[in-house]
Amino acid sequence: AWVSSGIDEEGNALAGDYHFEYTECDSSGSRWRVAVPNPSVECSGLPDPVKGKECTFSCASGEYLEMKNQVCSKCAEGTYSLGSGIKFDEWDELPAGFSNVATFMDTAVGSAENKADSCNNSSWTPRGNYIESNRDDCTVSLIYAVHLKKSGSVFFEYQYIDNNIFFEFFIQNDQCKEMESTADKWVKLTDNGEWGSHSVTLKSGSNILYWRTTGILMGSKVVKPVLVKNITIEGVAYTSECFACKPGTFSDKPGSSGCQVCPRNTYSEKGAKECTKCKEEMYYSDEGSSVCIERPPCTNKDFFQIHTPCDKEGKTQIMYKWIEPKICREDLPDALTLPPSGERKDCPPCNPGFYNNASSSCTPCPPGTFSDGTQECRACPAGTEPALGFEYKWWNILPGNMKTSCFNVGNSKCDGMNGWEVAGDHIQSGAGGSDNDYLILNLHIPGFKPPTSVTGATGSELGRITFIFETICSADCVLYFMADVNRKNTNVVESWERSKEKQSYTHIISKNASFTFTWAFQRINEGQDSRQFINDMAKIYSITVTNAVDGVASSCRACALGSEQSGSSCVPCPTGHYIEKETSQCQECPDNTFLSIHQVYGREACIPCGPGSKSTKDHSACFSDCLVSYIKDNQTLNYDFSNLSQVGSLMSGPSFTSRGTKFFHFFNISLCGNEGKKMAICTDNITDVTLKDMVAESEDFSNFVGAFVCQSTIIPSDSKGFRTALALQSNSLADRFLGATVETMLENINIKTDMFPPSPIKIPDVHFFYKKRFMNWEKFFPQIFPSADLMDIYPFVLLITKLCSPPSSCPAGTCDGCTFYFVWESAEACPLCTEQDYHEIEGACKKGFQETLYVWNEPKHCIKGVPLPEKRTSTCETVDFWLKVGAGVGAFTAVLLIALTCYFWKKNQKLEYKYSKLVMTANSKECELPAADSCAIMEGEDNEEEIVYSNKQSLLGKLKSLATKVSSNCCY
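What counts and what doesn't
Residues numbered from 1 in each chain as written. Predicted model: local features only at pLDDT ≥ 70, side-chain atom pairs only at ≥ 80, totals over all residues. Heavy atoms only, no water. Pairing = 2+ DSSP bridges. Helix = DSSP H or I, 4+ residues; strand = E, 2+ residues; numbered from the N terminus. Axes fitted to C-alpha atoms, helices over the stretch in contact; angles between N-to-C directions. Core = buried A, V, L, I, M, F, W, Y, C linked by side-chain atoms within 4.5 Å. Buried < 20%, exposed > 50% of the residue type's maximum accessible area, 1.4 Å probe, protein only. Disulfide = S-S within 2.5 Å. Polar contact = N/O pair within 3.5 Å; in protein donor to acceptor, adjacent residues only side chain to side chain. Contact = heavy atoms within 4.5 Å. Patch = residues over 30% accessible without salt bridge, like charges linked within 9 Å, V, L, I, M, F, W, Y side chains within 5 Å. Areas by Shrake-Rupley, 256 points an atom, 1.4 Å probe, with all protein chains shown as cover. Salt bridge = Lys/Arg side-chain N within 4 Å of Asp/Glu carboxyl O.

Draft legend 1. Region of interest: the sheet that holds strand S13 (residues 165-173). Ordered by their spatial adjacency, four strands build an open sheet running S8-S11-S15-S13, and the pairing between neighbours is antiparallel. Looking along the sheet, the strands with just one partner apiece sit at the ends: strand S8 (98-103) and S13. The average undirected angle you get between the axes of adjacent strands in this sheet is 20°.

Dropping the structure here:
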């Protein structure tokens, strides 16, 4: 009766009905140990409280605090303890204390409630040895709360390879403070197949730990999730119990601080002291297994083929090997056996730059010599130097600067395997241990440098790597090509999904640094271990690297010689100099040309700059000085874009992913000037890194892009709940200046009225061409101006990028193949003003002065240039003065005419009188008058004998007739 009631014979509670706990620490750092009834148990007679250990007390690793006696005891076999910490390494289910919170942070579009509902199925998912984040564009937080009696730390391992998902780790303590710096919460990316580690110091008190991921789905591509394992929290004041070893591990000694993994073909259950062997003939297991698996019959997916190194006879043998670990049985019905090995075939020749020295291996040519791989190494002729690099096209053995490996995220079953196998004319991905293994091939290049003759070149290319490959897949395989710079930062350069036909890919190297190039092939990306797609593979046929430090040579190229040619040694040409063919001396490129990084021999190595551009002082590139000229109708139009030489920024209108996440396309543009420097900078700014920091870190290849035109995708701060806007997917749109030209065909283009403001101005426009994203002018405007009314064009500068049509499954500008068009609306596109762009207007003469004004022709087609002349004032005479002069002259002329008229009239009268007298003399018979009478000529008068005849009766004739009549009357 006493036992059933939870009380012994002495009236005390039974030990199994209660447990001990410590009270909260008081201000003096003391606490008490008290007995607390177990849940759903009623009892009395609990032990009295006793003074507990100090608040900062903790046991050593491998021990736990036995609360009854308050002493540290060693953990038993099959268990372990961290002493003052806790560890989470089992992820078959979400451990106690962890919680998932999923939200959709973008509140800009649609109903927030509907978006929250769409994220109900998004969470962190346990995968056995690790926990996996979400793969969508929801924001999911994995949360754990812990109370520390003293300062401690949190440590975890993770894989984070996709920058399309943001991964934050931050802490909120009881003062609601997150982190010392906002940059500390962003977790760094890791290489494919490698686990990184992250640790943060914890303060005493309550700490809430957040692992938060937010996917950015630009298009239909699914992001690769973040993986987390082995979360360890140090700083817990005490551990009152030991943890049992998880299945697949064991602890065979008391006081262990961790458990060991069971080897292959063994297994263990939870809390095991040792591992149990499987019946090897019938069952197998991988490392860390909790069960043994029955072996299946062998198939052609369980073995693979390799080539042996060449022997002295130049032969190689084809060998067949079982995929290790071998998990199949050959003694079962329908099981295949290993094919016979030993078939001999001719060895391929040595790779270029190597030679066969009568042995079974190929040896690199000595410095200063070259070989095509089939002949002995020969010295380069005088005036030439070896073209150093690597060209691997025969794959009998793996080259010395390459290595291969196999890696699996969730286990170590393929550790030690070759990820790739040589196969004669190609190298192919190996079998691996399961379909989700990463099969890795590495190539290390210690550095790059241009040829001796162009040592001073400052071009954008120092070398390049080119490889020919194909993928043969029946599932969702992926081939990654990655580059690691100075062993600091590995980035995925390009990736290819599913089957791809045989093709070539080239990556440009623009800086001298140590590079490790990696090819990683994965058949499927799933958590389960399977071997269904063993025949899916990637093949690489050739790998070529140019200008490699410590490389070999397959040929020689011309070089410049010094003034003393006795030694025929090559010397470096100064920057911007080419090698003159006849003399092998260095000659400077002419003005407005730049030196090709690929060809330095002959005058043709100097490439002319494009229209409207000039070369830099060192002839390394061409650029625009912001001045452009254009001849139209025998008139030269000059343009000055100096005001556009600084970096201009523009942002497109908002776009949205399929889930409604808002984003913008942000562009930085620097068109001209600056001596050809690429001033436009874009960065993946997911931290509080400033522009100054980015430039300072550029030598270490920090994640920023410098170009003439660059683009970033911007996630606004209100879109995902971040405190600052995020920039990602930064890339260069224009990396080489080709030229600037003027076009006038736009004057009759159909343009949407809402694209440009109305204006009565018709002018040419100027567009700049850049290499890397380029298109034809004729194809441009139908894309961006589909229809509208005919109207005049507002002045603008147009920047052109590559032309293509995005696939229907690609949201605007979110995946490769989409096109960006730039129309820079600016009065700077007007030509500079000249004397032909204005005319003069003369004013009225006032008070002896006259003003001349100068005004622009309408409509005005120019800016800047020649200014309008100042107003000009000159002396003049008024209108009243000239009226007076005119009246005087007129009066004088009238008087003169009257006087002349009277004079001639009088003279004519005399003539008429004389004539009349003669007539009367002739008719004297009828009128007998004295011979000398009043009609005779008086003394002093002129005796004019002239007679004037006129066919037409003039004024004088009329006067004459009148005089005759009068004379006749005198006769009577």
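Still to come is the rest of the account.
Draft legend 2. Main features of the nonpolar core. Core analysis: the biggest nonpolar cluster contains 41 residues, and Trp420, Leu443, Phe517, Trp519 and Ile543 have the highest contact counts within it. Membership of the second largest hydrophobic core comes to 32 residues, among which are Tyr158, Tyr160, Ile171 and Val200.

Draft legend 3. Quick look at the state of the cysteines. Per the stated rule, a full pass over the model turns up 16 disulfides. A sulfur-sulfur separation of 1.7 Å characterises the disulfide bridge that pairs Cys278 with Cys292. Across the disulfide from Cys278 to Cys292, rotation about the S-S bond amounts to roughly -80°, and the bridge is consequently left-handed. Of this pair, Cys278 sits in the loop between strand S21 (276-277) and strand S22 (283-284) while Cys292 is found in the loop between S22 and strand S23 (293-294), placing the two residues 14 residues apart along the sequence. For Cys278, a relative accessible area of 11% corresponds to the buried category. Bridging Cys682 to Cys710, the disulfide has an S-S length of 2.1 Å. Here the disulfide of Cys682 and Cys710 is right-handed, its torsion about the S-S bond being about 80°. With Cys682 in strand S56 (residues 680-683) and Cys710 in strand S58 (residues 709-715), the pair connects residues that are 28 residues apart, well separated along the chain. No difference in accessibility class separates Cys682 from Cys710, as the two residues are buried. No disulfide involves Cys830; its sulfur sits 7.7 Å from that of Cys862, the nearest cysteine. On the basis of relative accessible area, Cys830 is assigned to the buried category, the value being 5%.

Draft legend 4. Highlighting the side chain of Asn668. The residue Asn668 is located in strand S55 (residues 662-669) in this model. Given the relative accessible area of 9%, Asn668 is considered buried. Of note is the side chain of Asn668, whose polar atom sits 2.7 Å from the backbone oxygen of Ile681. The residues contacting Asn668, other than those within four sequence positions of it, are Val647, Gly648, Ser649, Ala680, Ile681, Cys682, Phe708, Val709 and Cys710.

Draft legend 5. Broad picture of a nonpolar patch on the surface. On the surface, a nonpolar cluster with roughly 540 Å² of combined accessible area is contributed by Phe892, Leu896, Leu900, Tyr903 and Phe904. When you line up the elements, Tyr903 lands in helix H5 (residues 879-922).

Draft legend 6. Layout of the side chain of Thr466. Locating Thr466 in the fold gives a position in strand S36 (residues 463-472). On the accessibility criterion, Thr466 (19% relative accessible area) is buried. Among the polar contacts listed, one links the side chain of Thr466 to the side chain of Thr506, at a separation of 3.0 Å.

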